[in-house]
Amino acid sequence: AVVSTQSTGGSAEAMRAVLPSLHKTVDKLTPLVDADAMAFSNYLAAQRLPQQSADEVERREEALEEAVLTIVHVPLKIMEVAGECWEALDKLVTSHNTSLKADLQVAVRCLETGIWSAYKSVTFNLGDIKSEEVRTELSTKAKVLLDKSEGIAARLLSALDG
């Protein structure tokens, strides 16, 4: 750890101000991890549905489509919720003391990577969605969230390096 003689007054106040919002965001993200696992379980269950009759094939296809939509919507929601952390990190970056620089750089990279990972999950599964319109809508929304995340991360990292 880097030791600084700079006062921590402003950064300590900023930390106290943003911690409640970060905790709330974590509380929103935690059930999404469970939802992601459940979505995959539902997809596997749908794959095992019988296909002996036309009705069974149709029910299976509908169940698979519903499961894939959930598999895509969950990481998309993770991107949205995780993106709520950028404001808090921005406040910390603008008020940090030098002893927090490396920690904040790691925090920015971790958040950026988490959002990127959710984006990759979305894009990987989009091909299994039948509707081109729905695929395009979800792809566009995910790309907007990713671009915003990458832009904020770059700005914050630049501020920390400056």
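This report concerns the structure included in the present document.

Definitions and limits used
- Residues numbered from 1 in each chain as written.
- Predicted model: local features only at pLDDT ≥ 70, side-chain atom pairs only at ≥ 80, totals over all residues.
- Heavy atoms only, no water.
- Core = buried A, V, L, I, M, F, W, Y, C linked by side-chain atoms within 4.5 Å.
- Buried < 20%, exposed > 50% of the residue type's maximum accessible area, 1.4 Å probe, protein only.
- Helix = DSSP H or I, 4+ residues; strand = E, 2+ residues; numbered from the N terminus.
- Contact = heavy atoms within 4.5 Å.
- Axes fitted to C-alpha atoms, helices over the stretch in contact; angles between N-to-C directions.
- Parallel < 35°, antiparallel > 145°, perpendicular 65-115°, else oblique.
- Left-handed = near helix turned anticlockwise from the far one by under 90°.
- Nonpolar A, V, L, I, M, F, W, Y, C, P; charged D, E, K, R; others polar.
- Salt bridge = Lys/Arg side-chain N within 4 Å of Asp/Glu carboxyl O.

### Considerations on the nonpolar core
In summary, soluble globular proteins display a tendency toward joint burial of nonpolar side chains.
Next up, step 1: Formed by 41 residues in total, the largest nonpolar core has its most connected members in Met79, Trp86, Leu89, Val108, Leu111 and Leu156.
Next up, step 2: Sort the elements by how many residues they give to this core and helix α2 (residues 54–83) lands first, with 11 residues.
Next up, step 3: Here Leu156 is in contact with Trp86, Leu89, Asp90, Val93 and Val108, once residues within four sequence places are set aside.

### So, the packing of helix α4 (residues 101–126) against helix α5 (residues 132–161)
Two quantities define a packed helix pair, namely the angle between the helix axes and the distance between the axes.
Next up, step 1: Between α4 and α5, the least distance of the axes is 10 Å, while the angle of their chain directions is 165°. When the axis of α4 is compared with that of α5, the two are roughly antiparallel. For the crossing formed where α4 meets α5, the hand is left-handed.
Next up, step 2: Counted by class, the contact of α4 with α5 contains 14 nonpolar, three polar and seven charged residues.

### Topic: the pattern of salt bridges
Next up, step 1: Applying the stated criterion across every chain, the model contains 10 salt bridges.
Next up, step 2: Measuring nitrogen to oxygen at the nearest pair gives 3.2 Å for the salt bridge that ties Lys130 to Glu61. With Lys130 in the loop between α4 and α5 and Glu61 in helix α2, this residue pair connects regions lying 69 residues apart in the sequence.
Next up, step 3: With a closest N to O distance of 2.8 Å, Arg109 and Glu112 form a salt bridge. Placement of both Arg109 and Glu112 in helix α4 is noted, with a separation of three residues, approximately one turn of the helix.
Next up, step 4: Linked through salt bridges whose partners overlap, the residues forming this network are Arg60, Glu61 and Lys130.

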